[in-house]
Amino acid sequence: MFDTLSEKFSNAFKYIQGKSKITEENIEETLKEVRTALLEADVNFKVVKEFVASVKEKSLGEKVIKGVNPGEQFVKIMHDELAKIMGDANEEINLDRPGIVPILIVGLNGQGKTTFSGKLALHLKNKKKKDVLLVPADTFRPAAKAQLQTLAKQIDVDCFDSDLGLHPKEIVRQALEEASKRHKNVVIIDTAGRLHVDLELMDQLKEVKESLIGLNPEVLMVADAMTGQAAVEVSKSFHDAIGVTGIVLSKMDSDAKGGAALSIRHVTGVPIRYVSMGEKMKDLELFHPDRLAKRILDMGDVLSLVEKAQENINENDAESMMKNFQKGKFTVEDFLKQMDMMSNLGSMASILKMIPGMGGMLREIGDLGPAEAEMKRMKIIISSMTKAERENYKIIKESRLKRIANGSGSTEQAVKDFLSKFKQMEQMMGGMSAMMNGGGFPGMPGMGSKKGFRTDPNAVNPFGDMPKEKKKSGKGPWGKGYF
Ligand SMILES: Nc1nc2c(ncn2[C@@H]2O[C@H](COP(=O)(O)OP(=O)(O)OP(=O)(O)O)[C@@H](O)[C@H]2O)c(=O)[nH]1
Ligand SMILES: [Mg+2]
């Protein structure tokens, strides 16, 4: 998401780095690059024009602030303007009103309406504690009903048994009756798509919306972010025809450009409310313009990272790990839990990008695939280890080694390599724990404290002398320099 744009912006900023003042001349080259980058990202040309003009005006008018260099000031102006064109704060739909809130999901064919209906239901159920009824009202493609029913089952939300022979307006009327009997708070209506904006479909949707007018319905339009400018045009047509209250950008996980995200709000005037980020039901995010602006500018997005962690990390696991850590203990089981927590948060690249400054580093590293593959291999090896072995890997001698290798379908050498890496990690963790316990730097004569540092100098290494870690500057124990 926004990868190319981030890279191009960071190149553009080089022109003003080290300058003592922003002037019309030295900003020209930067603005030209910013403009090209935005156009290449498929941002609407009117939006680009206004954006660049506004950034220029603000930059030249900016007073010199002592201690802040012009480069940093410029990035801050870019951030504020990016957030502004995307709509500033997140505006989620308002559910805190009496009665049933009907949410009509509309959009073209294959944009992700049915998938989003499921995701929204899960989000409203878990986060907003709402009782939701999903309603299949796609009479155009009957298989859509089964698709929604399957999703509903998966997330444990009720799904209305629509009669697809009826007009969607009638289906919705029956569904609302049912919802009111079952004291539901929200009804999510999944509607049919068409290949193109088509009058028949618009009329049908308009009728459904009008039948709901007394209940003040939300109309969420799902637009595939990968289609860039087309998504913007289609959203505008839908809004002009039926009146849309919010836009959902789907497939943002596959969209490297970001043109739709940057243009839709400005062109249609309709706020983007949610971002659909994958095929799994939990892959839904609220649209936060300010946070996205930070991600685009490689400033990280720590808030989203913390929220993700809070949602996905099991507190008991985290607590038991912390206890071990404070005792200076780090077991294979702890390591496995850490890896699981990481994967629950998303791909390595997606997590790292949320940490300020990591975006640029990631671009230099390139592919994180090999590191992720190695993590998978380690997980498989650990899954063949017994509980006792995970608590204390030192009991692993020849016969256990053979068993683990066989069980995990790897070689004995691979298991040895893993244990050797784990040993290095254990030592690093021991060192960190000692520092956190106020012990200073372990291993430095006269500075360290033994408190909490658990490396046993008398422990017998079952594999004889391990090869010493090849220490290359700036490279971690993984050998290939990923971290
Ligand atoms: N990668 C990715 N795929 C998605 C996302 N949302 C939906 N998809 C996939 O896109 C395809 C179409 O999604 P649907 O939810 O069926 O789209 P729809 O708009 O309901 O389609 P129709 O009912 O035929 O109009 C499916 O294969 C989904 O798995 C997303 O956010 N990311
Ligand atoms: Mg559908």
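To be clear, the structure that these remarks concern was listed above.
Residues numbered from 1 in each chain as written. Chains lettered and ligands numbered in written order. Predicted model: local features only at pLDDT ≥ 70, side-chain atom pairs only at ≥ 80, totals over all residues. Heavy atoms only, no water.

Caption draft 1: The overall build of the chain, seen in detail. A count of helical and extended segments in the chain gives 20 helices and eight strands. Here the chain holds 483 residues, and 46% of them are scored as buried. Taking the contacts inside the chain whose residues are at least 6 apart along the sequence as the reference set, 72% of them involve residues at least 24 apart. (Helix = DSSP H or I, 4+ residues; strand = E, 2+ residues; numbered from the N terminus. Buried < 20%, exposed > 50% of the residue type's maximum accessible area, 1.4 Å probe, protein only. Contact = heavy atoms within 4.5 Å.)

Caption draft 2: Region of the structure containing the environment of Pro289. Within the element layout of this structure, Pro289 appears in helix 11 (residues 289-296). Note on Pro289: relative accessible area 1%, which makes it buried. Along the chain, Pro289 and Ile85 lie 204 residues apart, while their C-alpha atoms are 8.3 Å from each other.

Caption draft 3: Spotlight on the environment of Gly278. Mapped onto the secondary structure, Gly278 falls in the loop between strand 7 (272-276) and strand 8 (284-286). Classification of Gly278 by relative accessible area gives buried; the value is 14%. In the structure, Gly278 is positioned 163 residues away from Thr115 in sequence and 9.4 Å away in space, judged by C-alpha atoms. Excluding residues within four positions of it along the chain, Gly278 makes contact with Lys119, Asp253 and Asp283.

Caption draft 4: Looking closely at the packing of aromatic side chains. As enumerated under the stated definition, the model contains nine aromatic pairs in all. Ring centres of Phe9 and Phe13 lie 6.2 Å apart, and the angle between their planes is 20 degrees; on these two criteria the pair is classed as stacked. Of this pair, Phe9 and Phe13 both sit in helix 1 (residues 3-13), four residues apart, which is roughly one turn of that helix. The exposure class assigned to Phe9 is buried, which follows from its relative accessible area of 1%. One aromatic cluster in this structure is built from Phe330, Phe335, Tyr393, Phe418 and Phe422. (Phe/Tyr/Trp six-rings, centres within 6.5 Å; stacked < 30°, edge-to-face > 60°.)

Caption draft 5: Molecular detail of helix 3 (residues 45-61). An ideal rise of 1.5 Å per residue puts 24 Å on 17 residues; helix 3 measures up with 24 Å between its terminal C-alpha atoms. All of the buried residues along helix 3 are Val47, Val48, Phe51, Val52, Ser54, Val55 and Ser59. In a view along the axis of helix 3, the buried residues occupy a sector of 170 degrees, so they form one face of it. Looking at helix 3, the residues exposed on the side facing more than 90 degrees away from the buried face are Phe45, Lys46, Lys49, Glu57 and Gly61. Regarding helix 3, its N-cap is Asn44, as a side-chain oxygen of that residue lies 2.9 Å from the backbone nitrogen of Lys46 further along. (Expected span 1.5 Å × (residues − 1). Arc of directions from axis to C-beta. Polar contact = N/O pair within 3.5 Å; in protein donor to acceptor, adjacent residues only side chain to side chain.)

Caption draft 6: Just the packing of helix 2 (residues 24-40) against helix 3, in detail. In contact at an axis separation of 10 Å, helix 2 and helix 3 are set at 155 degrees when each is read in the N-to-C sense. As far as their axial angle goes, helix 3 and helix 2 are roughly antiparallel. As for how helix 2 packs across helix 3, the hand of that crossing is right-handed. Of the residues in helix 3, those touching helix 2 at Glu24, Ile27, Leu31, Val34, Arg35, Leu38 and Leu39 are Phe45, Val48, Phe51, Val52, Val55, Lys56, Ser59 and Leu60. (Axes fitted to C-alpha atoms, helices over the stretch in contact; angles between N-to-C directions. Parallel < 35°, antiparallel > 145°, perpendicular 65-115°, else oblique. Left-handed = near helix turned anticlockwise from the far one by under 90°.)

Caption draft 7: Just the packing of helix 5 (residues 113-126) against helix 6 (residues 143-155), in detail. Between helix 5 and helix 6, the least distance of the axes is 10 Å, while the angle of their chain directions is 25 degrees. Comparing their axes, helix 6 and helix 5 come out roughly parallel. The interaxial crossing formed by helix 5 with helix 6 has right-handed handedness. Across from Thr114, Thr115, Ser117, Gly118, Ala121, Leu122 and Lys125 in helix 5, the residues of helix 6 making contact are Ala144, Gln147, Leu148, Leu151 and Ile155. Class assignment for the residues of the contact of helix 5 with helix 6 results in six nonpolar, five polar and one charged. (Nonpolar A, V, L, I, M, F, W, Y, C, P; charged D, E, K, R; others polar.)

Caption draft 8: Quick look at the pattern of salt bridges. Counted by the stated rule, this structure contains 25 salt bridges. With its nearest N and O atoms 2.7 Å apart, the salt bridge here joins Asp80 to Lys76. One end of the pair, Asp80, and the other, Lys76, are both in helix 4 (residues 70-86), four residues apart, so they sit about a helical turn from each other. The exposure class of Asp80 is partly exposed, given its relative accessible area of 31%. For Lys76, a relative accessible area of 46% gives the class partly exposed. A salt bridge links Asp131 to Lys184; the nearest nitrogen and oxygen atoms lie 2.8 Å apart. Taken together, the residues Asp131 in the loop between helix 5 and strand 2 (132-137) and Lys184 in the loop between helix 7 (168-181) and strand 4 (186-191) connect sequence positions 53 residues apart. Taken together, the shared-partner salt bridges in this structure form one network comprising Asp131, Asp158, Glu178, Arg182 and Lys184. (Salt bridge = Lys/Arg side-chain N within 4 Å of Asp/Glu carboxyl O.)

Caption draft 9: Structural context of the side chain of Asp283. Within the secondary structure layout, Asp283 lies in the loop between strand 7 and strand 8. Buried within the structure, Asp283 lacks any salt-bridge partner; its nearest side chain of opposite charge belongs to Lys282, at an N-O separation of 4.8 Å. (Lys, Arg positive; Asp, Glu negative; His and termini not counted.)

Caption draft 10: Region of interest: helix 9 (residues 229-242). Here helix 9 is 14 residues long and its end C-alpha atoms lie 20 Å apart, about the 20 Å a rise of 1.5 Å per residue gives. All of the buried residues along helix 9 are Ala231, Val232, Val234, Ser235, Phe238 and Ile242. Taken together, the buried residues of helix 9 touch strand 1 (101-106), helix 8 (199-211), strand 5 (218-224), strand 6 (246-250) and helix 10 (259-268). Directly after helix 9, the chain includes Gly243, whose backbone phi takes a positive value near 80 degrees.

Caption draft 11: Focus on the sheet that holds strand 5. The mixed open sheet is built from eight strands, whose spatial order is 3-2-4-1-5-6-7-8. Edge positions in the sheet fall to strand 3 (158-159) and strand 8, since each has one partner strand and no second. Relative to strand 7, strand 6 runs parallel, the two sharing three bridges. Bridging across to strand 7, Val248 finds its partner in Tyr274. Contacting strand 1, strand 2, strand 4, strand 5, strand 6, strand 7 and strand 8, helix 5 crosses the sheet at an angle of about 170 degrees to strand 4. Here helix 6 sits on the sheet in contact with strand 2, strand 3 and strand 4, set at roughly 165 degrees to strand 2. (Pairing = 2+ DSSP bridges.)

Caption draft 12: Quick peek at the site of ligand 1. Surveying the vicinity of ligand 1 reveals 20 residues, the closest of which are Lys113, Thr114, Thr115, Asp253 and Glu279. The backbone of Gln111 places a nitrogen or oxygen atom 3.1 Å from an oxygen atom of ligand 1. For ligand 1, whose unbound accessible area comes to 650 Å², protein coverage reaches 82%. For the shell around ligand 1, the element with the highest residue contribution is helix 5, accounting for four residues. Considered class by class, the residues forming the shell around ligand 1 number two nonpolar, 11 polar and seven charged. (Near = heavy atom within 4 Å. Areas by Shrake-Rupley, 256 points an atom, 1.4 Å probe, with all protein chains shown as cover.)

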